[in-house]
Amino acid sequence: MTISNTGTGDVDPAVRQELERLRDSIDNIDAAVVHMLAERFKCTQQVGRLKARHQLPPADPAREARQIERLRRLAENAKLDPAFAEKFLGFIIAEVIRHHESIAGDRVGGPSATAG
């Protein structure tokens, strides 16, 4: 048995070492995900500024639908639940649209509307 029934959480040292190794990998992946999301949002901020400059709508439902289908296929190929992938992308898209609306609002009524 690797975990005692005493409730103290005593774990075999080999199991603890394997757990720490796996958790270190998870931590590294989490860091990579955060950095990738930061890069993604840098790009979408540029898209938002471009849309605002050319008075394009913040949302693009046709593109969003294509991206959701694309991500679902990628998830299936990666053996990841496509519904989870769709929810994750939906959350990101909602945040991107919020940013685009904010950028567009700043261009219309804010100080940057006269600066560019």
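Cut-off values and rules
- Residue positions are given per chain, counted from 1 along the sequence in the order it is written.
- Side-chain atom pairs in this predicted model are given and counted only at pLDDT of 80 or more, local residue features only at pLDDT of at least 70, and totals for whole chains, interfaces and linings cover all residues.
- Calculated side-chain values reflect all of the structure's heavy atoms, with hydrogen atoms and water omitted.
- Within this analysis, patches are made of residues with over 30% relative accessible area and no salt bridge. Like charges are joined at 9 Å or less; nonpolar side chains (Val, Leu, Ile, Met, Phe, Trp, Tyr) at 5 Å or less.
- The Shrake-Rupley method, run with a 1.4 Å probe sphere, supplies the accessible areas, and residue values consider only the shown protein chains as cover.
- Whenever Lys or Arg places a side-chain nitrogen within 4 Å of a carboxyl oxygen from Asp or Glu, that contact is recorded as a salt bridge.
- The convention is simple: Lys and Arg are positive, Asp and Glu are negative, and His and the chain ends are not counted.
- The atom standing in for a charge is NZ when the residue is Lys, CZ when it is Arg, CG when it is Asp and CD when it is Glu.
- Under the DSSP-based scheme used, a helix requires at least four consecutive residues in state H or I and a strand at least two consecutive residues in state E, with every element numbered from the N terminus.
- Any two of the Phe, Tyr and Trp rings considered here, Trp counted by its six-membered ring, make a pair once their centres fall within 6.5 Å; the pair's planes then place it as stacked at under 30 degrees, edge-to-face at over 60, or tilted in between.
- Only protein chains enter the accessibility calculation, which uses a 1.4 Å probe; a residue whose area is less than 20% of its type maximum is buried, one above 50% is exposed, and one in between is partly exposed.
- Multiplying one less than the number of residues by 1.5 Å gives the expected span of a helix.
- In protein, a polar contact requires one atom able to donate a hydrogen and another able to accept it; more generally it is a pair of N or O atoms within 3.5 Å, and residues adjacent in sequence count only if both atoms are side-chain atoms.

A. Region of interest: a negative patch on the surface. A cluster of acidic side chains, namely Glu-20, Asp-24, Asp-27 and Asp-30, defines a negative patch on the protein surface. Within the element layout of this structure, Glu-20 appears in helix H1 (residues 13-53).

B. Looking closely at the packing of aromatic side chains. With the rule as written, the count across this model stands at one aromatic pair. On the basis of an interplanar angle of 15° and a centroid distance of 6.3 Å, the ring pair of Phe-84 and Phe-88 is categorised as stacked. Taken as a pair, Phe-84 and Phe-88 lie in helix H3 (residues 82-109) at a separation of four residues, close to a single helical turn. Note on Phe-84: relative accessible area 45%, which makes it partly exposed. Given the relative accessible area of 38%, Phe-88 is considered partly exposed.

C. Up close: H1. The terminal C-alpha atoms of H1 lie 60 Å apart, and with 41 residues this matches the ideal 60 Å at 1.5 Å per residue to within 8%. N-cap assignment for H1: the residue whose side-chain oxygen lies 2.8 Å from the backbone N of Ala-14 is Asp-12. Downstream of H1 by a residue or two, Gln-55 has a phi angle that is positive, lying close to 55°.

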